[in-house]
Amino acid sequence: MQKITLLSVLFIGLVFTSYGQKFGYVDTEYVLNQMPEYKEAQSRIQELARSWQDEIKEMIAEKETMYEALEAEKVLLTEEMIKERKSEIKKKEEEIQNYQQKVFGYEGLFYLKKEEIVKPVMDQVFEAVSKVAKDKKLQIVFDKSGDLVMIYTNPVHDYTDYVLEELGLGDKNDTVE
């Protein structure tokens, strides 16, 4: 009788553990570094950055030339001419700052181009992760290489709509059952 009870408890324990969620993780940085497409994308991004930096260096050199010319000719110029030249130099400095912001600032050309170039490679990785997660019956996959980020979740376990409903932002008809 005791053996039957013990076997029953073990069997029930095994059944309940088989219903547990399976988690996994992927080191996307390692995966990306193994992909030739990613290495090519990185070199394209570096090339773009170099060309924009060269443009900015040229603009700075031009501004420096303007300043040196002003200093060299200062004794021959009137106060008004000096103010005019300083104003031109100030405009050039602002132009350089605006260009730097446009290219390298938050959501600047560099950021947008980097996203555009890397996105197809990242999409390949995420598709692969999704396929592996489905094949291995994983419910959640974390990215080991960065901050703790879920890169795949089984939509059955998405409670976003319920949270929106709780906050009064969702429609009951749109919730996932």
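It should be emphasised that the depicted structure is a prediction, and the values quoted were computed from it without experimental measurement. (Residues numbered from 1 in each chain as written. Predicted model: local features only at pLDDT ≥ 70, side-chain atom pairs only at ≥ 80, totals over all residues. Heavy atoms only, no water.)

## Notes on the overall build of the chain
On a plain count of helices and strands, the chain comes out with six helices and three strands. Ordering the α and β elements of the chain from the N terminus gives α-β-α-α-α-α-β-β-α. Residues classed as buried in the chain amount to 21% of the 177 residues present. A separation of at least 24 residues holds for 59% of the contacts in the chain among residues at least 6 apart in sequence. A total accessible area of about 14000 Å² is found for the chain, and carbon and sulfur atoms account for 56% of it. (Helix = DSSP H or I, 4+ residues; strand = E, 2+ residues; numbered from the N terminus. Buried < 20%, exposed > 50% of the residue type's maximum accessible area, 1.4 Å probe, protein only. Contact = heavy atoms within 4.5 Å. Areas by Shrake-Rupley, 256 points an atom, 1.4 Å probe, with all protein chains shown as cover.)

## Things to note about helix α4 (residues 79-104)
With 26 residues, α4 should cover 38 Å at 1.5 Å per step; its first-to-last C-alpha distance of 37 Å lies within 8% of that length. Looking at α4, one finds that the buried residues are Ile82, Ile89, Lys92, Ile96, Tyr99 and Val103. Contacts made by the buried residues of α4 are with α3 (36-73) and α5 (109-135). (Expected span 1.5 Å × (residues − 1).)

## Digging into unusual backbone geometry
Leave glycine aside and you will find that most residues have negative phi; peptide bonds, for their part, are mostly trans. Despite not being glycine, Glu107 has its phi angle at roughly 55°, a positive value. For Glu107, the location among the structural elements is in the loop between α4 and α5. Owing to a relative accessible area of 43%, Glu107 belongs among the partly exposed residues under this scheme. The phi dihedral of Lys137 is positive, around 60°, even though this residue is not glycine. Turning to its location among the elements, Lys137 is positioned in the loop between α5 and β2 (140-143).

## Brief notes about the side chain of Lys92
Structurally, Lys92 can be placed in helix α4. With residues near it in sequence (within four places) discarded, Lys92 still touches Met59, Glu62, Lys63 and Met66.

## Points about α3
Between its first and last C-alpha atoms α3 spans 55 Å; for 38 residues at 1.5 Å apiece the expected length is 56 Å, and the two agree. Those residues of α3 that sit buried are Tyr38, Ala41, Ile45, Ala49, Trp52, Ile56, Met59, Lys63 and Leu70. Where α3 is buried, its residues touch α2 (28-33), α4 and α5.

## Some points on the confidence of the model for the chain
For residues with low pLDDT, the predicted coordinates do not support detailed interpretation. The predicted model of the chain averages 80 in pLDDT, with 72% of residues at 70 or higher. At the level of individual helices and strands, the chain shows its lowest average pLDDT in helix α1 (residues 2-18), which scores 45, and its highest in α4, which scores 96. Segment residues 3-18 is flagged for pLDDT under 50; beyond a separation of four residues in sequence, or across chains, it makes zero contacts in the model. (pLDDT = per-residue confidence, 0-100.)

## Some remarks on the environment of Gly146
Tracing the sequence through the fold places Gly146 in the loop between β2 and β3 (149-153). Each C-alpha atom of the pair Gly146 and Glu29 lies 8.1 Å from the other, and the pair is 117 residues apart in sequence.

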